[in-house]
Amino acid sequence: MSEKIKAPRGTFDVLPEQQGVRRRIAETARALLEGAGYGRLDTPVFEETELFARGVGESTEVVQKQMFSFSDQGGRELTLRPEGTASACRAYIEHGMQKRPQPVKLWYEGPFFRHERPQAGRYRQFHQIGAEAIGSDSPLVDAELIVLAWDLVTELGVEGVRLGLGSLGSPAARAAYLDELRTHMRSREGELSAEVRERIELNPLRAFDSADEGTRAVMADAPRLLDRLDAADAEHFEQVRALLDRAGVPYEVDATMVRGLDYYTRTVFELHCDRLGAQSQVGGGGRYDGLIEQLGGPPTPANGWALGIDRLALALGEPEEPPRVEVFIVAEPDARERALTLAIELRRAGISADLDLAERSHKGQMKQADRSGAARAVLLGEGAARVRDMSSGETAEVDLGGLVDRLREAPAGGGEGA
Ligand code: AMP
């Protein structure tokens, strides 16, 4: 036998019995977001590499190490999308959405790709639901988005979720702060890990995330960006907080929150679930007021978030369930073809139905009927049919001609359908 081929490292299959929780997550998100005026946006799963290099930021780990990039047959440099915001902004600009009433509210769902070291909750192909509101700098936008993310995890029933909230301020205030931070770090350079030392110039904020003991000691004494916001940004942050308080959404202010992508300004937030292990972040987002302009569009403030579907599914830990049908048809050997005709008729009438397609014995088919989860089985013989209620075991003779109508009626005892 030749060697088996497996799914690529860091990827996985979602089997039929594993679909339920994912469908519920996607459907709950769709209803919630469309119920708040967000319209679905689908973008390609690959884009020009330049979009992410400019949009996500050259200095970020995502762009430096994690992109699945390739040249196509025409020599174009392309990348499997590592996140959704850059694509949403590209689409906003490309379709002239600044001419629509602002903010333009979009949501998306689908697979994303990052070349990370795989572990529980961290994959190379993962799935996100995201929401973006582009075209307004009002704190109302920040609050609406954060409340939607909070309400989504709450409605799904994810337990142990904490919301962390911060502000990164404006680019100018942030630049001045970064200089101050670099000076602080350089004054105690010897205590920092080699990796952090190397990144003082490029991205000193990431040092707040370090697990290294020496680095942690230096960062514990470091100035905080939240204390260096200019008056307008501080006021914006206060308003977002007040709106969240009004909406009854609990949050913790996190003065050292660092998001992994470069484009954030002002409000940033993360949702963590303490039921998950090391990869506890189920979602995050924030304001990116400079991004649209950076991508060649007009100056346009915006805000958005993404939640990880795979991590939400892990946190919910729902039992697997095979797909179910309402009716299972068990056929005598001479009624097999009629069984398929009946199944087709039932399906066309809107009743989900399945049948044996492998010429099993009567006993084998009954077992299959049991496993199908069907509320009722039709026992199809030569010129006659019986309907069996699978929970009570009650069986009734039914005229072949009236079978579809009979099955349209609710099953006795109100047994549930699929
Ligand atoms: P980010 O785009 O980095 O802000 O991530 C948003 C959310 O996507 C995270 O909170 C995770 O839930 C999820 N996520 C990001 N990267 C991965 C990954 N490699 N595997 C699984 N989920 C991920």
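The model shown is predicted, which means the values in this text are computed figures rather than measured ones.

Reading guide: rules and limits
- Residues numbered from 1 in each chain as written.
- Predicted model: local features only at pLDDT ≥ 70, side-chain atom pairs only at ≥ 80, totals over all residues.
- Heavy atoms only, no water.
- Helix = DSSP H or I, 4+ residues; strand = E, 2+ residues; numbered from the N terminus.
- Rg over C-alpha atoms; globule rule 2.2 N^0.38 Å.
- Buried < 20%, exposed > 50% of the residue type's maximum accessible area, 1.4 Å probe, protein only.
- Contact = heavy atoms within 4.5 Å.
- Areas by Shrake-Rupley, 256 points an atom, 1.4 Å probe, with all protein chains shown as cover.
- Axes fitted to C-alpha atoms, helices over the stretch in contact; angles between N-to-C directions.
- Parallel < 35°, antiparallel > 145°, perpendicular 65-115°, else oblique.
- Left-handed = near helix turned anticlockwise from the far one by under 90°.
- Nonpolar A, V, L, I, M, F, W, Y, C, P; charged D, E, K, R; others polar.
- Polar contact = N/O pair within 3.5 Å; in protein donor to acceptor, adjacent residues only side chain to side chain.
- pLDDT = per-residue confidence, 0-100.
- Pairing = 2+ DSSP bridges.
- Near = heavy atom within 4 Å.
- Expected span 1.5 Å × (residues − 1).
- Arc of directions from axis to C-beta.

### Thoughts on the overall build of the chain
Next up, step 1: Of the regular secondary structure elements, the chain holds 14 helices and 16 strands.
Next up, step 2: Taking 22 Å as the expected radius of gyration for a compact globule of 418 residues, we find that the chain reaches 28 Å, considerably beyond that expectation.
Next up, step 3: Its C-alpha atoms give the chain principal-axis dimensions of about 90 × 55 × 45 Å.
Next up, step 4: By residue count, 49% of the 418 residues in the chain fall in the buried class.
Next up, step 5: Considering only intrachain contacts with a sequence separation of at least 6, the fraction spanning at least 24 residues in the chain is 69%.
Next up, step 6: As displayed, the chain has an accessible area near 20,800 Å², and 48% of this comes from carbon and sulfur atoms.

### Some details on the packing of helix 1 (residues 19–34) against helix 5 (residues 139–156)
Packed helices, taken two at a time, are described by the angle between their axes plus the distance between the axes.
Next up, step 1: Their axes nearest at 10 Å, the elements helix 1 and helix 5 cross at an angle of 140°. Regarding the angle of helix 1 to helix 5, the classification is oblique. Handedness of the crossing formed by helix 1 with helix 5: right-handed. Across the interface between the two elements, Arg24, Ile25, Thr28, Ala29, Leu32 and Leu33 from helix 1 touch Leu148, Asp151, Leu152, Glu155 and Leu156 from helix 5.
Next up, step 2: Its residues assigned to classes, the contact of helix 1 with helix 5 shows seven nonpolar, one polar and three charged.

### Details of the side chain of histidine 184
Next up, step 1: Structurally, histidine 184 can be placed in helix 6 (residues 171–187).
Next up, step 2: Filtering out sequence-adjacent residues up to four positions away, histidine 184 remains in contact with Val218, Asp221, Ala222 and Pro223.

### Things to note about the side chain of threonine 43
Next up, step 1: On the secondary structure map, threonine 43 appears in the loop between strand 1 (39–40) and strand 2 (46–48).
Next up, step 2: Under the relative-accessibility criterion, threonine 43 is labelled buried at 17%.
Next up, step 3: A polar side-chain atom of threonine 43 sits 3.5 Å from a polar atom in the side chain of arginine 81.
Next up, step 4: The contacts of threonine 43, once residues within four sequence positions are left out, are Arg81, Ser87, Arg90 and Ala91.

### Overview of the confidence of the model for the chain
Next up, step 1: A residue-level look at the chain finds 97% of positions with pLDDT of 70 or above and a mean pLDDT of 93.
Next up, step 2: Contacts from residues 413–418, a stretch scored under 50 in pLDDT, to residues over four places away or in other chains number eight contacts.

### Examining the environment of glutamate 201
Next up, step 1: Mapped onto the elements, glutamate 201 comes out in the loop between helix 7 (194–198) and helix 8 (213–220).
Next up, step 2: With 145 residues separating them in the primary sequence, glutamate 201 and valine 56 have C-alpha atoms 18 Å apart.
Next up, step 3: If we ignore the near neighbours within four places in the chain, the residues touching glutamate 201 are Arg182 and Arg186.

### With respect to the packing of helix 5 against helix 9 (residues 231–246)
Next up, step 1: Relative to each other, helix 5 and helix 9 sit at 40°, their axes nearing to 9 Å. As summarised for this structure, helix 5 and helix 9 are arranged oblique, according to the angle between their axes. In this structure, helix 5 meets helix 9 at a crossing whose hand is right-handed. Residue-level inspection shows Pro139, Leu140, Asp142, Ala143, Ile146 and Val147 of helix 5 in contact with helix 9, the latter providing His236, Gln239, Val240, Leu243 and Leu244.
Next up, step 2: By residue class, the composition of the contact of helix 5 with helix 9 is eight nonpolar, two polar and one charged.

### Side note on the sheet that holds strand 12 (residues 327–331)
Backbone-to-backbone hydrogen bonds join strands into a sheet, with any given pair of strands oriented parallel or antiparallel.
Next up, step 1: Here five strands make up an open sheet; going across it, the order is 13-12-14-15-16 and the pairing mixed. Edge positions in the sheet fall to strand 13 (353–355) and strand 16 (395–398), since each of these pairs with one other strand and no more. When the angles between neighbouring strand axes are averaged without regard to direction, this sheet yields 25°.
Next up, step 2: When strand 12 meets strand 13, the two strands line up parallel, connected through three bridges. Of the residues in strand 13, the one forming a bridge with isoleucine 329 is leucine 355.
Next up, step 3: Along the sheet, helix 12 (residues 336–348) contacts strand 12, strand 13 and strand 14 (376–380); its crossing angle with strand 13, the most-contacted strand, is approximately 165°.
Next up, step 4: Sitting on the sheet, helix 13 (residues 362–371) touches strand 12, strand 13, strand 14 and strand 15 (385–389), and the angle it makes with strand 12 is about 180°.

### Focus on the site of the ligand
Next up, step 1: Taken together, 14 residues are adjacent to the ligand, and Arg114, Glu116, Tyr123, Arg259 and Gln281 come closest.
Next up, step 2: In the model, an oxygen atom of the ligand is placed 2.9 Å from a nitrogen or oxygen of the glutamine 128 side chain.
Next up, step 3: At a separation of 3.1 Å, an oxygen atom of the ligand approaches a polar backbone atom of valine 282.
Next up, step 4: Surface burial for the ligand is 93%, taken as the share of its 490 Å² of free accessible area covered by protein chains.

### As for helix 12
Next up, step 1: When the terminal C-alpha atoms of helix 12 are compared, their 19 Å separation across 13 residues agrees well with the 18 Å that a helix rising 1.5 Å per residue should span.
Next up, step 2: Of all the residues in helix 12, the buried ones are Ala339, Leu342, Ala343 and Leu346. On an axial view of helix 12, the arc spanned by its buried residues comes to 105°, and they lie on one face. What points out from helix 12, more than 90 degrees from its buried face, is the exposed set Glu337 and Arg348.
Next up, step 3: Two residues or fewer past helix 12, glycine 350 is found with a positive phi of approximately 90°.

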